[in-house]
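Fold and contact review
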Amino acid sequence: MVTIKINDKDYNFVFNANTSELYYQVFGEDLFELSVKSNEDKTLFLKRSRLQKLAFIGYKQAQKPVRELAGRLSLVQYLEWAEQFDSNTFEDKDVITELVSAWRGSFQVTAEEKNPDSQQ
């Protein structure tokens, strides 16, 4: 769990492997966009317009276990949550940096290599 200050208020967020799936269930779109410039140059990226939606999912994941969220989050809940923020809150450089850093932190590999010298 990570705590981020937004508009002088602390919010807890959790990002993990379920984040993308919950995002899709609520918003009906993939969290990532795929940019393909060539066969060798393929990049996944997060559109800035999706940051507030990502924050909502992470906030909800910090509140309840996934069994209470899957299939139960709605667009209306997102809109009600978003009402508390100014339209430019998720355009703030510090908010963007902290949210993206927390979200990207969920990609960290935590498993140790069992036998790095073995041939597979």
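Placed above this text is the structure.
In what follows, the accompanying structure is described. Please read all numbers here as calculations on a predicted model, not as lab measurements. (Residues numbered from 1 in each chain as written. Predicted model: local features only at pLDDT ≥ 70, side-chain atom pairs only at ≥ 80, totals over all residues. Heavy atoms only, no water.)

1. Section: the environment of Thr 19
- Its place among the elements puts Thr 19 in helix H1 (residues 19-27).
- Through-space distance from the C-alpha of Thr 19 to that of Leu 31 is 8.8 Å; in sequence the pair is 12 residues apart.
- Ignoring any residue separated from it by four or fewer positions in sequence, one finds Thr 19 in contact with Val 14, Leu 54, Ile 57 and Gln 61.
- Among the polar contacts listed, one links the side chain of Thr 19 to the side chain of Gln 61, at a separation of 2.7 Å. (Helix = DSSP H or I, 4+ residues; strand = E, 2+ residues; numbered from the N terminus. Contact = heavy atoms within 4.5 Å. Polar contact = N/O pair within 3.5 Å; in protein donor to acceptor, adjacent residues only side chain to side chain.)

2. Re the packing of H1 against helix H2 (residues 51-63)
- Packing of H1 against H2 brings their axes to within 10 Å, and their N-to-C directions diverge by 115°. Here H1 runs over H2; the crossing is right-handed. In contact with Thr 19, Leu 22, Tyr 23, Val 26 and Phe 27 of H1, H2 contributes Lys 53, Leu 54, Phe 56, Ile 57 and Gln 61.
- Here the residues of the contact of H1 with H2 sort into 7 nonpolar, 2 polar and 1 charged. (Axes fitted to C-alpha atoms, helices over the stretch in contact; angles between N-to-C directions. Left-handed = near helix turned anticlockwise from the far one by under 90°. Nonpolar A, V, L, I, M, F, W, Y, C, P; charged D, E, K, R; others polar.)

3. Section: the nonpolar core
- Counting 28 residues, the largest nonpolar core has Ile 6, Phe 13, Ile 57, Trp 81, Phe 90 and Leu 99 as the members making the most contacts within it.
- A per-element tally of this core places H2 first, with 6 residues.
- Beyond its immediate stretch of four places on either side in the chain, Trp 81 contacts Gln 52, Ala 55, Phe 56, Tyr 59 and Phe 90. (Core = buried A, V, L, I, M, F, W, Y, C linked by side-chain atoms within 4.5 Å. Buried < 20%, exposed > 50% of the residue type's maximum accessible area, 1.4 Å probe, protein only.)

4. As for the environment of Leu 75
- Tracing the chain through its elements places Leu 75 in helix H4 (residues 75-82).
- Look at Leu 75 and you get partly exposed, because its relative accessible area is 46%.
- Distance in space between the C-alpha atoms of Leu 75 and Val 26 is 6.0 Å, their sequence separation being 49 residues.

5. What about the side chain of Arg 50?
- Secondary-structure assignment places Arg 50 in the loop between strand S4 (42-45) and H2.
- Judged by its relative accessible area of 7%, Arg 50 is buried.
- Residues contacting Arg 50, with those up to four places away along its chain left out, are Tyr 23, Glu 29, Asp 30, Leu 31, Phe 32 and Glu 33.

6. Section: the side chain of Gln 61
- The residue Gln 61 is located in helix H2 in this model.
- The exposure class assigned to Gln 61 is buried, which follows from its relative accessible area of 10%.
- Excluding residues within four positions of it along the chain, Gln 61 makes contact with Val 14, Phe 15, Asn 16, Asn 18, Thr 19, Leu 22 and Leu 69.

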